[in-house]
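Each chain is listed here by its residues.
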Amino acid sequence: MIVGDLLHLDDLDIRLAWGTPELLARQITGVTSTDLQDPARYLQPGELVLTGLVWWQPEDGSAALRFATALRSARVAALMAGEGTHGAVPSGLAEACRTHGIPLLAVPAGTSFRAVTDRVYLRLWGGLQAGVQDAAAIPEAARRELAGLIDSGARAAEVLAHAVSRLGVPECSVSTTGGRVIAELPPAAAAAPPAGRATGTGTGTNPGTGTALPVGPQENSPFDGWLLHGGPAAEGSATPMLRGLADLLAPLAARAHAEAAARRQAAGRLLGLLAGDGPADLAEALAACGLPAEGPLVTVAARIDGGPDDWAAHALAEALQPLGVPFAAGTDPAGRTAALVAAPAARVAERLRRARPALQARLSGRRSLRAGVGPASAAAAGPLRAALVQARYVLAGATGPVGSTAELDSLAGLLRGIPPEVTAAFHTRLLAPLATHDRENAVSLLGTLTVFLDHDGSWARTAESLHIHVNTVHYRIRRIEELTGRNLARLQDRLDLRAALLCAPAGR
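Small disclaimer: the values here were computed from a predicted structure and weren't measured.

**Section: the overall build of the protein chain**
Point 1. Within the protein chain one finds 17 helices and 14 strands.
Point 2. Looking at the protein chain as a whole, 51% of its 508 residues qualify as buried.
Point 3. Partitioning the contacts of the protein chain with sequence separation of at least 6, the portion at a separation of at least 24 is 68%.
Point 4. Working note: accessible area of the protein chain is about 22700 Å², and carbon and sulfur atoms make up 53% of it.

So this is what it looks like as structure tokens:
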């Protein structure tokens, strides 16, 4: 498929904003949606880039040129810009694309990116299937039936059930690369296999065993590609048929990827509105994400340490999908990933904790998936912004990979969300004299202070715990008060010193 073909797709009304005949002849290898200001590292050569222009601000005269520069460095095929956000494609963007030789196409507000990506991937994978050698393993009659089901909008489970019944594969399932099962057909639901082929045993296909074949386009994220699994009984002579089936199912994967990209883009627009400080009418953005207009909605903040910004949005979508409730997961213009979920906070946190091990297993090196769950709030700009601040605070300070505001029930938990540079400075400011004393003396005043506060200021219990005389405790406490300038008979001073102890840098 070439760029110029996009101008002739029925009912999409795509227009050429700028481009030459030579540029319109570029081959398209895939589709990526983004609203990042600099998406270069997430793009592949030959891709068609779709953007809703959420990143573009009229007062920033260089934004369009920076965006086009990123596209050129990635050697993309073309740019498609949606007119829904600003009403038209900015003239500055057309000039930037002219400067860098990138064909620019305009997508009217009434045309969804989902429709565009769906149509492109169907064309791309239709062409690929025509040349696939293993497709010959699928009888032509079965191919026509399956293609008809896919064209009619059938879901993966229906197509898989029909394929298994016609082809006799004893075990089959489709999952995402993140481990979420999309469609599964256990042996009992499959028709008897042809003579000479062994039948499977068990209660369904384990995605970790047997044959696993990629289905359709494998996205840049490690989580949301599709895999076709055949159990142990489907190996050997059945492998060519499974490959042919995987190729037939490719348009379904392309459709799912297009739908997911459209959902992430809609979520990004909503999060972009919440990223501002002023009043925002969220009704349209909430409706575009399928979220209830009045809430309540639970906020989730997430990141992948050492990984691209948008991977966390893919991971959140994979984790939240099984809840069966409306949610929106995306990345705002500043690159921060978050989700809004129409479910109780405790249920969301529990789901994320259950899903994380499988998602974490897809990450290499020291990359780590982390999430913070905020409170439920009304679906209005003010409450949601406040809830997002809380979710991000929990994300910054959680002791485990998934934290929740429900766990912010202690001073220690509250302090964990403060940047370590700030807590370390507070610790030093209050307790440096004690640390200096302890380095020069055999007696630990820091240890005495900790035990004294742990025992609620009880002289007798402190003496008993430290195995010293109570008079010694009195002497040490007076010395602590002299060095710190604090009075341990006052509650406020006790709280300050307790907080300073809790702010000790890791390892001290």
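Now, onward.
**Quick notes on the environment of Arg269**
Point 1. Its place among the elements puts Arg269 in helix α7 (residues 239–275).
Point 2. Since its relative accessible area comes to 33%, Arg269 is described here as partly exposed.
Point 3. For the pair Arg269 and Asp332, spaced 63 residues apart in the sequence, the C-alpha separation amounts to 7.2 Å.
Point 4. Residues in contact with Arg269, not counting those within four places in the same chain, are Gly52, Val54 and Thr85.

**A short note on the environment of Gly225**
Point 1. Locating Gly225 in the fold gives a position in the loop between β8 (211–215) and β9 (226–230).
Point 2. Take Gly225: its relative accessible area is 1%, and that puts it in the buried class.
Point 3. With 28 residues separating them along the chain, Gly225 and Ala253 place their C-alpha atoms 7.9 Å apart.

**Concerning the sheet that holds strand β14 (residues 402–404)**
Point 1. Across the sheet, five strands lie side by side as β11-β12-β10-β13-β14; this open sheet has mixed pairing. Looking at strand neighbours, the two that pair on one side only are β11 (327–331) and β14, the edges of this open sheet. Across the sheet, the axes of successive neighbouring strands diverge by a mean angle of 15 degrees, strand direction being ignored.
Point 2. Of the pairings in the sheet, the one linking strand β10 (residues 297–305) to strand β13 (residues 368–377) comprises eight bridges and is antiparallel in character.

**Thoughts on a nonpolar patch on the surface**
Point 1. Taken together, the side chains of Leu411, Leu414 and Leu502 define a hydrophobic patch exposed on the protein surface, amounting to about 230 Å² of accessible area.
Point 2. As for its placement among the helices and strands, Leu502 is situated in helix α17 (residues 491–502).

**Digging into the packing of helix α5 (residues 140–151) against α7**
Point 1. Contact pair α5 / α7: the axes reach a minimum separation of 10 Å and the direction vectors enclose 5 degrees. Judged by the inter-axis angle, α5 sits roughly parallel to α7. Between α5 and α7, the contacting residues are Arg143, Leu146 and Ile150 on the first element and Leu245, Leu248, Pro251, Leu252 and Arg255 on the second.
Point 2. For the contact of α5 with α7, the per-class residue count stands at six nonpolar, no polar and two charged.

**Some words on the pattern of salt bridges**
Point 1. This model, assessed by the stated rule, comprises 16 salt bridges.
Point 2. Close ionic contact of Arg180 with Glu318 constitutes a salt bridge, the shortest N to O distance being 2.9 Å. On the criterion of sequence distance, the pair formed by Arg180 in the loop between β6 (172–176) and β7 (181–185) and Glu318 in helix α9 (residues 309–320) is long-range, its members being 138 residues apart.
Point 3. The exposure class of Glu318 is buried, given its relative accessible area of 8%.
Point 4. If you follow the salt bridges from partner to partner, you end up with Arg486, Arg490, Asp493 and Asp496 in one network.

**Here we look at the packing of helix α13 (residues 420–440) against helix α14 (residues 445–454)**
Point 1. Across the interface, α13 lies against α14 with an axial gap of 8 Å and an inter-helix angle of 125 degrees. Taken together, the axes of α13 and α14 lie oblique to each other. Contact residues: Leu431, Leu434, Ala435, His437 and Asp438 in α13; Leu445, Leu446 and Leu449 in α14.

**Looking at helix α10 (residues 345–360)**
Point 1. Look at α10: 22 Å from first C-alpha to last across 16 residues, which is about the 22 Å you get at 1.5 Å a residue.
Point 2. Of all the bends in α10, the largest measures some 30 degrees and sits at Arg354, one to four residues before the proline Pro357.
Point 3. Buried residues in α10 make contact with β10, α9, β12 (337–341), β13 and β14.

**Examining the sheet that holds strand β2 (residues 30–33)**
Point 1. Strands sit in the order β1-β5-β4-β3-β2 across an open sheet of five strands; the sheet is mixed. Whereas interior strands pair on both sides, the edge strands pair on one side only; in this sheet they are β1 (15–18) and β2. Shown here is a sheet whose adjacent strand axes are inclined to one another by a mean of 30 degrees, direction ignored.
Point 2. Of the pairings in the sheet, the one linking strand β4 (residues 78–82) to strand β5 (residues 104–107) comprises four bridges and is parallel in character. Bridge assignment links Leu79 to a residue of β5, and that residue is Leu104.

**Brief notes about the nonpolar core**
Point 1. With 28 residues, the main nonpolar core has Val300, Leu320, Val341, Val348 and Leu352 as its most contacted residues.
Point 2. Taken together, the elements giving at least two residues each to this core come down to β10, α9, β11, β12, α10 and β13.
Point 3. Tallying contributions element by element places α9 first for this core, with six residues.
Point 4. Once residues within four sequence positions are removed from consideration, Leu352 is found in contact with Val300, Leu316, Ala319, Leu320, Ala371, Val373 and Val402.
Point 5. If you look at the next biggest cluster of nonpolar residues, it comprises 27 residues, including Leu146, Ala163, Val174 and Met241.

About the cut-offs
- Residues numbered from 1 in each chain as written.
- Predicted model: local features only at pLDDT ≥ 70, side-chain atom pairs only at ≥ 80, totals over all residues.
- Heavy atoms only, no water.
- Helix = DSSP H or I, 4+ residues; strand = E, 2+ residues; numbered from the N terminus.
- Buried < 20%, exposed > 50% of the residue type's maximum accessible area, 1.4 Å probe, protein only.
- Contact = heavy atoms within 4.5 Å.
- Areas by Shrake-Rupley, 256 points an atom, 1.4 Å probe, with all protein chains shown as cover.
- Pairing = 2+ DSSP bridges.
- Axes fitted to C-alpha atoms, helices over the stretch in contact; angles between N-to-C directions.
- Patch = residues over 30% accessible without salt bridge, like charges linked within 9 Å, V, L, I, M, F, W, Y side chains within 5 Å.
- Salt bridge = Lys/Arg side-chain N within 4 Å of Asp/Glu carboxyl O.
- Parallel < 35°, antiparallel > 145°, perpendicular 65-115°, else oblique.
- Nonpolar A, V, L, I, M, F, W, Y, C, P; charged D, E, K, R; others polar.
- Expected span 1.5 Å × (residues − 1).
- Bend = angle between axes of the 7 residues up to and from the residue.
- Core = buried A, V, L, I, M, F, W, Y, C linked by side-chain atoms within 4.5 Å.

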